[in-house]
Amino acid sequence: MTKLSVNINKIATLRNARGGNNPDVIKTTIDCERFGAQGITVHPRPDERHIRYSDVVQLKGVVTTEFNIEGYPDQRYLKIIAEAKPDQATLVPDAPDAITSNAGWDTIKNASLLRDLCQEIKSHGARVSIFVDPSPRMVEGAIAIGADRIELYTEPYASEFLVSKEVAVKPYIESARIAKEGGIGINAGHDLDLHNLKFLKQNIPYLDEVSIGHALICDALYFGLENTIQLYLKQLK
Ligand SMILES: CC(=O)[C@@H](O)[C@H](O)COP(=O)(O)O
Ligand SMILES: NCC(=O)COP(=O)(O)O
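Just so you know, these numbers come straight off a predicted model, no measurement behind them. (Residues numbered from 1 in each chain as written. Chains lettered and ligands numbered in written order. Predicted model: local features only at pLDDT ≥ 70, side-chain atom pairs only at ≥ 80, totals over all residues. Heavy atoms only, no water.)

**A closer look at the UniProt feature "binding site: 3-amino-2-oxopropyl phosphate" (unreviewed entry) in the chain**
Formally: UniProt positions are given in the numbering used here, feature names are shortened, and annotations may be inferred rather than shown by experiment. Comment: elements are numbered from the N terminus, with helices defined as DSSP H or I runs of at least four residues and strands as E runs of at least two. Whether two residues are in contact is decided by their heavy atoms: any pair within 4.5 Å suffices. Two N or O atoms form a polar contact when they lie within 3.5 Å of each other; inside protein one atom must be a possible hydrogen donor and the other a possible acceptor, and for residues adjacent in sequence the pair counts only when both atoms belong to side chains. Three labels apply to residues, based on accessible area from a 1.4 Å probe with only protein chains included: buried if under 20% of the type maximum, exposed if over 50%, partly exposed otherwise in between.
If you check UniProt for "binding site: 3-amino-2-oxopropyl phosphate" (unreviewed entry), the listed places come out as Asn7, Arg18, Asp191, Gly213 and His214 in our numbering. In sequence the annotated residues extend across 208 residues, and in space they extend as well, their farthest C-alpha pair lying 25.9 Å apart. Within the element layout of this structure, Asn7 appears in strand β1 (residues 3-7). Not counting residues within four places of it along the chain, the set of residues in contact with Asn7 comprises Thr41, Glu70, Ile212, Gly213 and Ile217. A polar atom in the side chain of Asn7 sits 2.8 Å from the backbone nitrogen of Asn9. Within the fold, Gly213 resides in the loop between β8 (209-212) and α10 (214-223). Under the relative-accessibility criterion, Gly213 is labelled buried at 11%.

**Re the site of ligand 1**
Short version of the rule: Distances are taken per atom, and a residue is near a molecule or strand as soon as one of its heavy atoms is within 4 Å of it. Every accessible area reported is derived by Shrake-Rupley at a probe size of 1.4 Å, with residue values counting cover from the shown protein chains alone. Under the scheme applied, nonpolar residues are Ala, Val, Leu, Ile, Met, Phe, Trp, Tyr, Cys and Pro; charged residues are Asp, Glu, Lys and Arg; polar residues are all the others, including Gly.
Taken together, Asn7, Asn9, Lys10, His43, Arg45, His50, Glu70, Val92, Thr100, Ser101, Phe131 and His190 make up the full set of residues adjacent to ligand 1. With respect to ligand 1, the side chain of Lys10 contributes an N or O atom lying 2.7 Å from an oxygen atom. Its free accessible area being 360 Å², ligand 1 has 91% of it covered by the protein chains. Partitioning the shell around ligand 1 into residue classes produces two nonpolar, seven polar and three charged.

**Description of the packing of aromatic side chains**
The geometry of an aromatic ring pair is captured by two quantities: the separation of the ring centres and the angle between the planes. Applicable threshold: Two rings from Phe, Tyr or Trp (for Trp, the six-membered ring) form a pair when their centres are within 6.5 Å of each other. A pair whose planes differ by under 30 degrees is stacked, one over 60 is edge-to-face, and the rest are tilted. Two thresholds decide whether a charge sits over a ring: the Lys NZ or Arg CZ must be within 6 Å of the ring centre and within 35 degrees of the ring normal.
Counting across every chain of the model gives five aromatic pairs. For the ring pair Tyr72 and Trp105, a centre distance of 6.0 Å and an interplane angle of 25 degrees mean the geometry is stacked. A residue pair is termed long-range when its members are at least 10 positions apart, and Tyr72 in the loop between β3 (67-71) and α4 (75-84) and Trp105 in the loop between β4 (88-91) and α5 (111-122) qualify at 33 residues. In this structure Trp105 comes out as buried when scored by relative accessible area, which is 4%. Three or more aromatic residues joined by ring pairs make a cluster, and in this case those are Tyr157, Phe161, Tyr172 and Phe199. Directly above the ring of Tyr206 sits Lys180, whose terminal nitrogen or CZ lies 5.1 Å from the centroid.

**Thoughts on the pairing of β8**
Formally: Criterion used throughout: strands pair if DSSP finds at least two bridges between them. A crossover gets the label right-handed when its path from the first strand over the helix to the second runs clockwise, viewed with the strands pointing away from the viewer.
Of the two faces of β8, both are covered, the one formed by Glu209 and Ser211 as well as the one formed by Val210 and Ile212. Bridge analysis of strand β7 (residues 185-189) against β8 gives three bridges, and the strand direction is parallel. Paired with Asn187 across the strands is Glu209, a residue of β8. Each parallel crossover has a hand, and the one from β7 via helix α9 (residues 197-203) to β8 is right-handed.

**Re a nonpolar patch on the surface**
To be explicit about the condition: Exposure above 30% relative accessible area and no salt bridge define the residues that can form patches, which grow by joining like charges within 9 Å and nonpolar side chains of Val, Leu, Ile, Met, Phe, Trp and Tyr within 5 Å. Criterion for a salt bridge: a side-chain nitrogen of Lys or Arg within 4 Å of a carboxyl oxygen of Asp or Glu.
Nonpolar side chains collect at one region of the surface, where Leu221, Tyr222 and Phe223 lie side by side and expose about 430 Å² of accessible area between them. Positionally, Phe223 belongs in helix α10.

**Some thoughts on the site of ligand 2**
Residues in contact with ligand 2, as listed here, are Asn7, Thr41, Glu70, Glu151, Gly189, His190, Asp191, Ser211, Ile212, Gly213 and His214. Within the side chain of Asn7, a nitrogen or oxygen atom sits 2.8 Å from an oxygen atom of ligand 2. Within the backbone of Gly213, one N or O atom sits 2.8 Å away from an oxygen atom of ligand 2. The protein chains hide 93% of the 310 Å² of surface that ligand 2 would expose on its own.

**As for the packing of α10 against helix α11 (residues 225-235)**
The criterion, for reference: Fitted lines through C-alpha atoms give the axes, limited to the stretch in contact for helices. The angle between two N-to-C directions lies from 0 to 180 degrees. Our angle categories are set so that under 35 degrees counts as roughly parallel, over 145 as roughly antiparallel, 65 to 115 as roughly perpendicular, and the remainder as oblique. We call a crossing left-handed when the near helix sits turned anticlockwise from the far one by less than a right angle, and right-handed when that turn is clockwise.
Two elements in contact, α10 and α11, have axes whose closest approach is 7 Å; the angle formed by their N-to-C orientations is 125 degrees. Taken as axis vectors, α10 and α11 run oblique relative to one another. Between α10 and α11 the crossing geometry is right-handed. Contact with α10, carried on its side by Ala215, Leu216, Asp219, Ala220 and Phe223, involves Leu225, Asn227, Thr228, Ile229, Leu231 and Tyr232 of α11 and no other residues of that element. Within the contact of α10 with α11, the residues separate by chemical class into eight nonpolar, two polar and one charged.

**With respect to the nonpolar core**
Heads up, the rule is: In this description, a nonpolar core means a group of buried Ala, Val, Leu, Ile, Met, Phe, Trp, Tyr and Cys residues linked to one another through side-chain atoms lying within 4.5 Å.
With 75 residues, the main nonpolar core has Leu4 and Ile130 as its most contacted residues. Looking at which element gives the most residues to this core, the answer is helix α8 (residues 165-181), with six residues. Residue contacts for Ile130: discarding those within four places in its chain leaves Leu91, Trp105, Thr107, Leu114, Ala142, Ile145, Ala147, Arg149, Ile150 and Glu151.

In structure tokens form, the structure reads like this:
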């Protein structure tokens, strides 16, 4: 079964826009799980443009499905992981000023760093997922450093999908095969939506988890949050 982890960053973006607590991130999280979300993902960025450190601390006591915290593994992030003890920590190589995540790790050049981080994060009881491009070498590097999972960066898939879905999915099928043969789990995320999700799932049926935020929250403006979560779950059947 492929789990749907709802990334609630953009709920926090809307909340922060007016400085109050509407929408309430905690209430929305509880509702996302009630509507069928099988996980909650947050990406507390250094500038706290959306999810804040204080949100993560509160969410720890609220999330009843799987809690996934994504981020660049600086000391601030590692402190959050140590305190929140999420089910999964997804390491992303984002620069502090990145408008959004835009690449996976070079797991060969960063092998020593990532290996040490894996050990430290696992000591807090969290599964470690490494955000990678769909590159066999990068997947093999993630296996070598002891990651529990990879998260395939799917922005290139989403972009190419609009031109040729068969071309788009090809590197992901190969990367997922290598990860599976290497005995690690396979997550995917970034720019997945109601148009491209089903084809990815059909071609990688053993996908463990997709984390989806931006498109899902945008869709919820038109279809409602409960209906939208159900629509995404239907793409994963
Ligand atoms: C790693 C990734 O692709 C997303 O999880 C990222 O968290 C999206 O970040 P923004 O919501 O800040 O665009
Ligand atoms: N890891 C991907 C994620 O959590 C959400 O990415 P997006 O759907 O907001 O692009």
